[in-house]
Structures are given as structure tokens and as C-alpha cells.
Amino acid sequence: MKIPKELIKYLQKSTHIAILTGAGISAESGLNTFREAQTGFWSQYRPEDLATPQAFARDPKLVWDWYAMRRNKVAEASSNSGHFALVDMESRTPNFTLITQNVDGYHVQAGSKNVLELHGNIQKVRCFDGCGIVDDWEDNSEVPHCPKCNAYLRPDVVWFGESLPLDALNAAHKATLECQAFFSVGTSGLVQPAASLAHTARQKGAIVIEINLDPTPLTPHVDFALHGKSGEILPALVKETWG
Ligand code: OAD
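In short, a report on the structure.

Each value, and the rule that gives it
- Residues numbered from 1 in each chain as written.
- Predicted model: local features only at pLDDT ≥ 70, side-chain atom pairs only at ≥ 80, totals over all residues.
- Heavy atoms only, no water.
- Pairing = 2+ DSSP bridges.
- Helix = DSSP H or I, 4+ residues; strand = E, 2+ residues; numbered from the N terminus.
- Axes fitted to C-alpha atoms, helices over the stretch in contact; angles between N-to-C directions.
- Contact = heavy atoms within 4.5 Å.
- Patch = residues over 30% accessible without salt bridge, like charges linked within 9 Å, V, L, I, M, F, W, Y side chains within 5 Å.
- Areas by Shrake-Rupley, 256 points an atom, 1.4 Å probe, with all protein chains shown as cover.
- Salt bridge = Lys/Arg side-chain N within 4 Å of Asp/Glu carboxyl O.
- Lys, Arg positive; Asp, Glu negative; His and termini not counted.
- Charge placed at Lys NZ, Arg CZ, Asp CG, Glu CD.
- Buried < 20%, exposed > 50% of the residue type's maximum accessible area, 1.4 Å probe, protein only.

1. Side note on the sheet that holds strand β4 (residues 120–127)
The strand order across the open sheet formed by three strands is β5-β4-β6, and the pairing between neighbours is antiparallel. Two strands lie at the open edges of the sheet, namely β5 (134–136) and β6 (153–157), each paired on one side alone. Sheet twist, expressed as the average angle between the axes of neighbouring strands with direction ignored, equals 45°. Where β4 lies against β6, four bridges are found, and the strand directions are antiparallel. By the bridge assignment for β6, G120 is matched with V157. Packed on one face of the sheet, helix α6 (residues 60–76) meets β4 and β6 and runs near 145° to β4.

So this is what it looks like as C-alpha cells:
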């Protein structure tokens, strides 16, 4: 993949970079994405059966087992060259913010520091009744109970119809407003509010770069669309920009 020269020059001068990642960046680690035909979770399952508070209230064990299966897959695999390239990019950029929709924790595992997990983390659980308890996910075949109020514990991820963690969302907005370059990597850009960040960055004068296997609804609005695998494009881009 040839990285455009104008992009390299622009990035070399940039002090503020924000990145949004989605399931595509972890695809080369072996994790499923959500919306790709055949392999995406949402082409095999209905989100309303597995990823809503109503689904958990109806059948906690079904939802728990599905997230336990995903958590096992996350544990069996690890970060890939795309995640590691973003660690390098952070070390070269004075103000760098990595906003992720992924719950796999691979950015932190790779060594990225300023990471905002907008959709939570599959390694953690929290009280379904909202009493405030958040804990590490221990291996349980049964749905565990909250040590404080005895309600069920649920995966600490954001479900459809729920709000995003406010601190992370506010920090993501701030980074988006301040950045000179905004990357959208491995996301279909269909889920709000994350999807609107690239447009906000553009309105504030940042250049927007998309890295994705395929075109997305964002593609017509970006300055640079780099089509291919993020695990190949990101390392090439970092090497050509910062040596
Ligand atoms: P999607 O499955 O919607 O999109 C994944 C994107 O990654 C697609 O556009 C693919 O073309 C692209 N892709 C796949 N492999 C790639 C690779 N190796 N390199 C680059 N791009 C690649 O996943 P998300 O956009 O992350 O929310 O989905 C957003 C949210 O919807 C998820 O966080 C999840 C889901 O419902 C919650 O669970 C709250």
C-alpha cells in the first residue's frame, strides 16, 4: 500500500491526532466483526436477543454465555500489528487519543496509554441493578451475583439503548475537537455516537483518514481513504511518516 506523500507530510507536522477504531482492527487477531456478511456477529445473531438490558433481564444465562464465549476468544488471541503501530504513533505524537468501540482491551494490552473505551471492556463485570459495583470478570459458568446487593452481575459493556460512559465520551469529543488529523480505522461507521466523531473533526478543520477493507458511508467525506488491512496499512504509514 502506497501512503500518499501529502498525508505523510501533514502527519509529520501534526501535534494532535485522534483515532477511532472498530472491530476491523481486531479482525486480523482472529476476532469476529459485527456486520460483515457471513462472519459478522450480527449476521448470525439478533442483537436484541443478546445485547440489550431487556435480553439480559429475560434470559441472563443466554446473554452471559454469549459474552463468556466472546471473552474466551479474546483470551485465546492477542493484539496484532495494527494495534502495535498505534502504540508507535502515540510515542511520536505529543497529543494522541485512541478512541475505541472495541471491548477486547487489545489496545491497552499492546501498550497504548491514552485509550478511551467507549463501549466498555469484556474483562469486567458490573452490577445489573446499577449499585455501582465494577469488578474483574472471574470464570463463572453461572451468572454471578453482586457482592453488595445480590443482583446479577453483567458484562461491563454498552448494550443497545444504553448510554456510553460519560467521561470517556466527553474526552473523545474533546480530542475530536482539538485534533489536526482524525483516523477512522476498521469501523463501519454505523453506530452512534462514535460514527459522528469523524464528521465533527472535519467540521473543525481536521483532515480525516479512513483505513478499512471496504468503502463505508464515511468514505465520500474523508480526505484520504486507504483501503486494505489495518494490520498492514498502519505499520506502513507509521514507518513512512516517522521512520
Ligand atoms: P462492524 O462489524 O460494523 O465493522 C467492521 C469494519 O471493519 C467493516 O467496515 C469492515 O470492512 C472493516 N474491516 C474488517 N476487517 C478489517 C481489516 N483487517 N482491516 C481494516 N478494516 C477491516 O464493527 P464496528 O464498526 O466496530 O457495539 O461496530 C460498531 C459497534 O457495533 C460495535 O462496537 C458493537 C456493534 O454493535 C456494541 O456492542 C455496543
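2. Digging into a positive patch on the surface
Together, K2, K5, K9 and K13 make up a positively charged patch on the protein surface. The residue K13 is located in helix α1 (residues 5–13) in this model.

3. Side note on the pairing of strand β1 (residues 16–21)
For β1, the buried fraction is high: five of the six residues fall into the buried class. Pairing of β1 with strand β2 (residues 95–100) involves six bridges; the strand directions are parallel. Across the sheet, the residue bridging to T21 is T100, located in β2. Direction of pairing for β1 relative to strand β7 (residues 181–185): parallel, over a ladder of five bridges. Counted as the bridge partner of I19 is F183 from β7.

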